[in-house]
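Residue-level structure breakdown
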Amino acid sequence: MLITVGFLIENLKIMVKLTVYGTPASTYVRTVRLLLEEAGVDYTLKGVDIFNGENQSAEYLAKNPFGKVPTLEVDGQLLYETGAITEYLDTVLAEHKFSPSDPMLQARMRQIMAIIDSYLYAPAIGTIVVQRLIVPTQGGKADEEKVKNAVAPVQTALNAIESLAVASPYLLGSELSIADFYLIPIFIYLSQTPEFEATTAQTPKLRTWWDKVNQLENVKKVSA
Ligand SMILES: N[C@@H](CCC(=O)N[C@@H](CS)C(=O)NCC(=O)O)C(=O)O
């Protein structure tokens, strides 16, 4: 039975046709790409530009009614929501390589993913990164009040992740997990802002973790 399952997974790896729709700069697109790159799986990246409204076109809304990226196409079947995509890919292509087998660690992984979705993404990316890195490139000036108000919620979320993480060297221990693939893209941007100091002042484990994962070849590849 085990051999049969292993054979099927190997076959899927060879036969499945994967297309990721999204903007390469998107953190969630990078989450999915990090998993695919680390799994060594072939895929096609099809650009859907969230900066010029292409994600709101009728063509893209037919794939993802919320107009968010990424969407994954698996042999003609569409899948959206990064949590669903990464857990699907981890199951069928990576043989659960990126989710801990220990039930509590697996719950920690989902807890970190949920914290990022619910409490970190909006203040860190939606406010600090947009105001510091995007608004100035469009000729605007960062809204200092918005940035200032976003620091505390980011600290709360990162402090929570710090207290849940093993961080030796990866978030949940010796192996990369989906939790790393969620947090890395946020740090790629947050580390380029002046608020990185203040938001990670109480997270020494995350700083050490970032110094390590920042060097991974695939992190450089998806950031390019
Ligand atoms: N819940 C979605 C969130 C994805 C998301 O927020 N993607 C952002 C880019 S990182 C996006 O599509 N933004 C475009 C927009 O909101 O119009 C998921 O898990 O995939």
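Structure: see above.
Parameters at a glance
Residues numbered from 1 in each chain as written. Predicted model: local features only at pLDDT ≥ 70, side-chain atom pairs only at ≥ 80, totals over all residues. Heavy atoms only, no water. Helix = DSSP H or I, 4+ residues; strand = E, 2+ residues; numbered from the N terminus. Contact = heavy atoms within 4.5 Å. Pairing = 2+ DSSP bridges. Axes fitted to C-alpha atoms, helices over the stretch in contact; angles between N-to-C directions. Parallel < 35°, antiparallel > 145°, perpendicular 65-115°, else oblique. Nonpolar A, V, L, I, M, F, W, Y, C, P; charged D, E, K, R; others polar. Buried < 20%, exposed > 50% of the residue type's maximum accessible area, 1.4 Å probe, protein only. Expected span 1.5 Å × (residues − 1). Near = heavy atom within 4 Å. Polar contact = N/O pair within 3.5 Å; in protein donor to acceptor, adjacent residues only side chain to side chain. Areas by Shrake-Rupley, 256 points an atom, 1.4 Å probe, with all protein chains shown as cover.

Along the chain, Phe98 turns up in the loop between helix H4 (82-92) and helix H5 (103-134). The contact partners of Phe98, leaving out residues within four places of it in the chain, are Leu35, Glu38, Ala39, Asp90, Met109, Leu176, Ser177, Ile178 and Phe181.

A word on the pairing of strand S3 (residues 71-74). Relative to S3, strand S1 (residues 18-22) is paired through 4 bridges, and the arrangement is antiparallel. Each residue of the ladder has a partner; that of Thr19, found in S3, is Glu73. Bridge count for S3 against strand S4 (residues 77-80) is 4 bridges, and the pairing is antiparallel. Residue pairing for S4: Thr71 is matched across the bridge by Tyr80. Where S3 folds back on S4, the antiparallel hairpin that results is connected by 2 residues, among which Asp75 adopts a positive phi of roughly 45°.

Glancing now at the packing of helix H6 (residues 144-164) against helix H9 (residues 204-213). Running from N to C, H6 and H9 point in directions that differ by 80°, and their axes come no closer than 8 Å. Judged on the interaxial angle alone, H9 and H6 are roughly perpendicular. Between H6 and H9, the residues in contact are Leu158, Ile161 and Glu162 and Pro204, Lys205 and Leu206, respectively. A per-class count over the contact of H6 with H9 returns 4 nonpolar, no polar and 2 charged.

Backbone torsion omega between Val69 and Pro70 reads 5°, so that peptide bond is classified as cis. With respect to the helices, strands and loops of the structure, Pro70 is situated in the loop between helix H3 (58-61) and S3. Pro169 follows Ser168 through a cis peptide bond whose omega is -5°. Tracing the chain through its elements places Pro169 in the loop between H6 and helix H7 (178-190). In this model, Glu81 sits at a positive phi of 85°, which is unusual for a non-glycine residue. Residue position: Glu81 is located in the loop between S4 and H4. Of note in the backbone geometry, His96 takes a positive phi value of approximately 65° without being a glycine. Within the secondary structure layout, His96 lies in the loop between H4 and H5. Judged by relative accessible area, which is 46%, His96 ranks as partly exposed.

Below, the discussion takes up helix H2 (residues 27-39). It helps to recall that an α-helix has 3.6 residues per turn; residues three or four apart then point in one direction. Its 13 residues give H2 an end-to-end C-alpha distance of 18 Å, which sits within 8% of 18 Å, the value for a rise of 1.5 Å per residue. Buried residues of H2: Thr27, Tyr28, Val29, Arg30, Thr31, Val32, Arg33, Leu34, Leu35, Leu36, Glu37 and Ala39, and no others. Of the residues one or two after H2, Gly40 is the one with positive phi, at around 70°.

Here we come to the environment of Ala124. Among the structural elements, Ala124 can be located in helix H5. According to the relative accessible area criterion, Ala124 is buried, its value standing at 0%. Put simply, Ala124 and Val147 are 23 residues apart on the chain and 9.1 Å apart in space, counted from C-alpha to C-alpha. With residues near it in sequence (within four places) discarded, Ala124 still touches Val129, Val154, Ile186 and Leu190.

This part takes up the site of the ligand. Neighbouring the ligand are the residues Ser26, Thr27, Tyr28, Ile50, Asn55, Lys68, Val69, Pro70, Glu81, Thr82 and Tyr121. A distance of 2.8 Å separates an oxygen atom of the ligand from a polar backbone atom of Val69. In the model, a nitrogen atom of the ligand is placed 2.7 Å from a nitrogen or oxygen of the Glu81 side chain. In the complex, the protein chains occlude 80% of the 510 Å² of accessible area that the ligand would expose alone. In terms of residue class, the shell around the ligand is built from 5 nonpolar, 4 polar and 2 charged.

Treat this as a map of the structure, not an account of what it does.
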